[in-house]
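For reference, the chains in residue letters:
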Amino acid sequence: MEKRLIKKDTLADIIAKMAGDVLVYAPVKEEDNVLFKVLEAGMKPLTRYANTKNAPKNFFFPHTEQMMKFTRTEKGAVFAGGEGKSPEAVLFGARPCDARSFVLLDMLFDQDKYKDPFYIEKRAATTIIALNCVHPPYSTCFCTSVGGSPTSSDGVDVALTELGEDYLVEFLTSKGEKLLKYFGDVKAGDAEVNQRVQIGEQAAREIKSHIPAAEIKPILDVNFEHPYWATIHQRCLACGTCTFLCPTCHCFDISDETKGADGVRIRNWDSCMFPLFTMETSGHNPRPTQKERWRQRVMHKFKYYVDNFGAIACVGCGRCVMYCPVNIDIRKIVEDISRL
Amino acid sequence: MQNPYVPIPVEVVKITTEVDTKDIKTFRLAFVNKEDEAAFRYLPGQFAELSLFGKGESPVGIASSPTQPGYLEFTVQKAGVVTSALHDMEEGTLMGVRGPLGNSWPIEYLEGKNIVVVGGGFAFTTLRSLTNYMIHEDNRKRFGNITIVYGARTPGLLIYKDELAEWGKRTDINLNVTVDKGDATWTGKEGFVPAVCKEVAPSSENAVTVICGPPVMIRFTLPVFFDLGFSKENIITSLEMRMKCGIGKCGRCNVGSKYVCKDGPVFTLAELDELTKEY
Ligand SMILES: Cc1cc2nc3c(=O)[nH]c(=O)nc-3n(C[C@H](O)[C@H](O)[C@H](O)COP(=O)(O)OP(=O)(O)OC[C@H]3O[C@@H](n4cnc5c(N)ncnc54)[C@H](O)[C@@H]3O)c2cc1C
Ligand code: SF4
Ligand code: SF4
Ligand code: FES
């Protein structure tokens, strides 16, 4: 695999140049937030930031996505075309946890029998450049408890690591190697890779949150009815912030919109935290209160996903912990469950 | 890549009002394109998303049998947005179907066994599919005795009346149609489904019960079958959960680790025991 060294202060320009050739999604500052956005011509991405507020899943699984068009005829509304081809794109600046989330989402959206072409095509057309964490950006980071690390390469095509005045650029996949031309010709070698390994180990040691996430599955297996579930949801506002910001949450709703004779079928993010999520027309709701919804959220991430795909559906980014308006902390819940 | 979200175009060729309250209709849908018909290979117990552009989609069990080529049938109760729009449709309308979705009644497992079909109300749809499949001349000898207990509240609420009359004429089906309360013209059985099952008392010897109906009916009927010696492996039912995608993506219809849309909707009681009771 190819490796390069670039000067730190050239990175923003390199990415800006890329944005002239392909679609680039990158972190930019908007008011008080750092957000992933499409990098418009002339814009430069941020290269120094903790992490973005929104997860990058939006680019493969948009908050609102048009699935198909339809048009009305005398005999009824008929299909009037699907979506165009997904443009070639680069996602720059994903933290390793967020890059890993795509490996987890692939398991769901890209199964042998049931494939989701909307996700798969955008994912296939996009190259992911990750920015390794030299220091864990937040005290809430817990990637190492859920199978990741500050320098995890899962889901990464090109990995950038800050080494003093330089970035080590590692091209990890053939998709990543297609971007070689942007990164100059200063080759890096084993010494730099060793440095990266050490930085990674040091960063992992700096992680402050450790939770027994990998140990609770057998406990969840036998405690669906445990009284503990009645103790976590009381404060929950059912706002859905946790699920919307979560890089691995994938639930959606499908609905139709009509304008004159034409219309579109769209999908929108949905949330298991919303009361109507499972409400049937008859009024029957299998998850009638926030208690069952919170249990679903925990079970889905730490048991059901493990049952179905052999992986925990959480990358430890800490967004749900930081942005929950009533401070419900999934780390504490996992901790509590481990002691049930 | 074939897009599983794009509906297959179909034309509504026949609409039958099933009940005297007029809120349950059977829609016969014919494929607009011949190749779609060949590709739509299904088994009794599977369902499809009925797709009405501008209104949305609803998951509905396939009520026709694969032994009836040329069309699909769905029996739909008027409930909310999509089902009401369906009920307002006329013959000749174009609409869409996505499917077949889900697993099916376990046909291979049922082969060589005596089959007890128990249905209540309009939840008889995929049981009708199964029955028509089993009694088709090509298939009949693959199954043992067929016993049917089907009930509705009143005679006017029984669905598939013409077909029930046809089945009644056959000597190779033990058909028991019952109503909670008869009317002046009703000459058949009166009584609740559990009571009729007890009276018919099908042997559990080499037998499987497939059962669909309102939750109360199921609750009172199951003990009857346990008493008759049916094991939980040999009582099979079909679940309903709110659905959207139908292919295990939208995250809506899971019961425990299983997605009802793709791992179900058909489960044995033994399998349901393994799942959480969240449905
Ligand atoms: C596997 C399966 C088989 C079914 N078979 C039949 C059948 O043969 N005949 C019949 O009349 N009904 C059947 N239903 C129930 C039927 O799907 C709902 O009555 C219908 O979706 C209501 O939609 P609506 O748009 O009219 O109501 P709205 O209240 O407007 O529904 C909004 C949307 O919510 C979803 N939804 C709401 N309730 C249900 C529900 N109970 N199950 C699944 N999705 C729901 C649908 O996507 C629906 O379009 C079945 C459901 C499932 C899951
Ligand atoms: S559950 Fe919370 S910490 Fe885990 S990936 Fe989702 S937002 Fe991040
Ligand atoms: S962010 Fe907090 S309050 Fe909002 S739904 Fe999630 S747990 Fe509940
Ligand atoms: S209906 Fe979407 S997951 Fe089952």
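Because the structure is a prediction, the values reported are computed rather than measured. (Residues numbered from 1 in each chain as written. Chains lettered and ligands numbered in written order. Predicted model: local features only at pLDDT ≥ 70, side-chain atom pairs only at ≥ 80, totals over all residues. Heavy atoms only, no water.)

(A) The arrangement of the domain arrangement of chain A in detail. Residues and elements named next belong to chain A. Under the domain assignment used here, chain A contains domain 1 (3-209) and domain 2 (214-338). Between the C-alpha centres of domain 1 and domain 2 the distance comes to 25 Å. Of the residues lining the interface, 42 residues belong to domain 1; the matching set on domain 2 comes to 41 residues. Taken together, domain 1 and domain 2 are joined by 22 residue pairs in polar contact (both at pLDDT 80 or more). Partitioned by chemical class, the residues of the side of domain 1 that touches domain 2 number 20 nonpolar, 14 polar and 8 charged. (Domains from an automatic or database assignment. Contact = heavy atoms within 4.5 Å. Polar contact = N/O pair within 3.5 Å; in protein donor to acceptor, adjacent residues only side chain to side chain. Nonpolar A, V, L, I, M, F, W, Y, C, P; charged D, E, K, R; others polar.)

(B) A look at the interface of chain B and chain A. With 40 residues of chain B at the interface, the matching set in chain A holds 46 residues. Counting the surface lost from both chain B and chain A, the interface buries some 3700 Å², and carbon and sulfur atoms represent 56% of this. Among the residues of chain B in contact with chain A, Phe53(B), Lys249(B) and Glu278(B) are the three that bury the most area, contributing 22% of the side total. For the pair chain B and chain A, the number of links is 5 salt bridges. Its salt-bridge partner being Arg265(A), residue Glu57(B) comes within 2.9 Å of it at the nearest N-O pair. For the interface between chain B and chain A, the tally reads 24 residue pairs in polar contact (both at pLDDT 80 or more). Broken down by secondary-structure element, the contributors of at least two residues to the side of chain B that touches chain A are β3 (47-52) and β4 (56-61) of chain B. Residue composition of the side of chain B that touches chain A, by class: 15 nonpolar, 15 polar and 10 charged. (Buried area = accessible area lost by both parts, 1.4 Å probe. Salt bridge = Lys/Arg side-chain N within 4 Å of Asp/Glu carboxyl O. Helix = DSSP H or I, 4+ residues; strand = E, 2+ residues; numbered from the N terminus.)

(C) Representation of the pattern of salt bridges within the structure. Taken as a whole and judged by the stated rule, the model has 41 salt bridges over all chains. The salt bridge partner of Glu111(B) is Arg142(B), with a shortest N-O separation of 2.5 Å. In this pair, Glu111(B) is assigned in the loop between α3 (107-110) and β7 (114-120) and Arg142(B) in the loop between α4 (125-135) and β8 (146-152), connecting sequence segments 31 residues apart. You can call Glu111(B) partly exposed: its relative accessible area is 29%. In this structure, a network of salt bridges that share partners links the residues Glu65(A), Asp116(A), Lys122(A) and Arg267(A). (Buried < 20%, exposed > 50% of the residue type's maximum accessible area, 1.4 Å probe, protein only.)

(D) Just the site of ligand 1, in detail. Looking at ligand 1, there are 23 residues lining it, with Glu57(B), Pro59(B), Thr75(B), Gln77(B) and Thr83(B) nearest. Positioned at a junction of chains, ligand 1 has nearby residues supplied by chains A and B. A distance of 2.4 Å is found between an oxygen atom of ligand 1 and a side-chain nitrogen or oxygen belonging to Thr83(B). When residues of the shell around ligand 1 are traced back to their parent elements, those giving at least two are β4, β5 (72-77) and α2 (81-87) of chain B. Top element by residues in the shell around ligand 1 is β4(B). It accounts for 5 residues. Considered class by class, the residues forming the shell around ligand 1 number 10 nonpolar, 8 polar and 5 charged. (Near = heavy atom within 4 Å.)

(E) Expanded view of the site of ligand 3. For ligand 3, the set of nearby residues contains 13 residues, the closest of which are Cys236(A), Cys239(A), Gly240(A), Cys242(A) and Cys324(A). Per-class residue counts for the shell around ligand 3 are 11 nonpolar, 2 polar and no charged.

(F) Region of interest: the sheet that holds strand β1 (residues 8-17) of chain B. Residue and element names in this part refer to chain B. Spatial ordering of the open sheet is given by β4-β3-β6-β1-β2-β5, a layout of 6 strands whose pairing is antiparallel. Each of the sheet's edge strands pairs with one partner strand only, and the pair in question is β4 and β5. Taking each pair of neighbouring strands and ignoring which way they run, the sheet shows an average axis angle of 40°. Judged from the 6 bridges that link them, β3 and β4 form a sheet pairing that is antiparallel. Its bridge partner being in β4, Phe47 is matched across the sheet by Gly61. (Pairing = 2+ DSSP bridges. Axes fitted to C-alpha atoms, helices over the stretch in contact; angles between N-to-C directions.)

(G) Spotlight on helix α5 (residues 190-206) of chain A. Across its 17 residues, α5(A) extends 24 Å between first and last C-alpha, which sits within 8% of the 24 Å expected from 1.5 Å per residue. As for α5(A), its buried residues are in contact with β1 (3-7), β8 (158-163) and β9 (166-171) of chain A. (Expected span 1.5 Å × (residues − 1).)

(H) Quick look at the sheet that holds β9(A). Residue and element names in this part refer to chain A. An order of β1-β9-β8-β7-β6-β2-β3 is seen for the 7 strands of this open sheet, with the pairing classed as mixed. This sheet does not close on itself; its edge strands, each paired only once, are β1 and β3 (33-38). Neighbouring strand axes in the sheet, compared pairwise and without regard to direction, differ in orientation by 25° on average. Inspection of the sheet shows β8 paired to β9 by 6 bridges, in the antiparallel sense. From the neighbouring strand, Leu163 faces β9, where its bridge partner is Asp166. The sheet contacts of α5 involve β1, β8 and β9, and relative to β8 the element is tilted by about 80°.

(I) The arrangement of the nonpolar core in detail. Counting residues in each nonpolar core, the largest one holds 69 residues, and the members touching the most others are Leu91(A), Tyr119(A), Phe252(A), Tyr5(B), Val118(B) and Val260(B). Sorting elements by how many residues they give to this core places helix α2 (residues 96-109) of chain A first, with 7 residues. When neighbours within four sequence positions are excluded, Val118(B) is seen to be in contact with Leu127(B), Val149(B), Val193(B), Cys197(B), Thr209(B), Val210(B), Ile211(B), Cys212(B), Met217(B), Thr221(B) and Phe225(B). (Core = buried A, V, L, I, M, F, W, Y, C linked by side-chain atoms within 4.5 Å.)

(J) Highlighting a negative patch on the surface. All names here are of chain B. A surface patch of like charges, here negative, comprises Asp20, Asp180, Asp183 and Glu190. In this structure, Glu190 sits in strand β10 (residues 189-190). The class of Glu190 is exposed, set by a relative accessible area of 51%. (Patch = residues over 30% accessible without salt bridge, like charges linked within 9 Å, V, L, I, M, F, W, Y side chains within 5 Å. Areas by Shrake-Rupley, 256 points an atom, 1.4 Å probe, with all protein chains shown as cover. Lys, Arg positive; Asp, Glu negative; His and termini not counted. Charge placed at Lys NZ, Arg CZ, Asp CG, Glu CD.)

(K) Spatial organisation of the side chain of Glu170(A). All names here are of chain A. Structurally, Glu170 can be placed in strand β9. Polar side-chain contacts of Glu170 include one of 2.8 Å to the side chain of Arg196. Discounting chain neighbours no more than four positions away, the residues touching Glu170 are Glu2, Lys3, Asp157, Val158, Ala159, Thr161, Val193 and Arg196.

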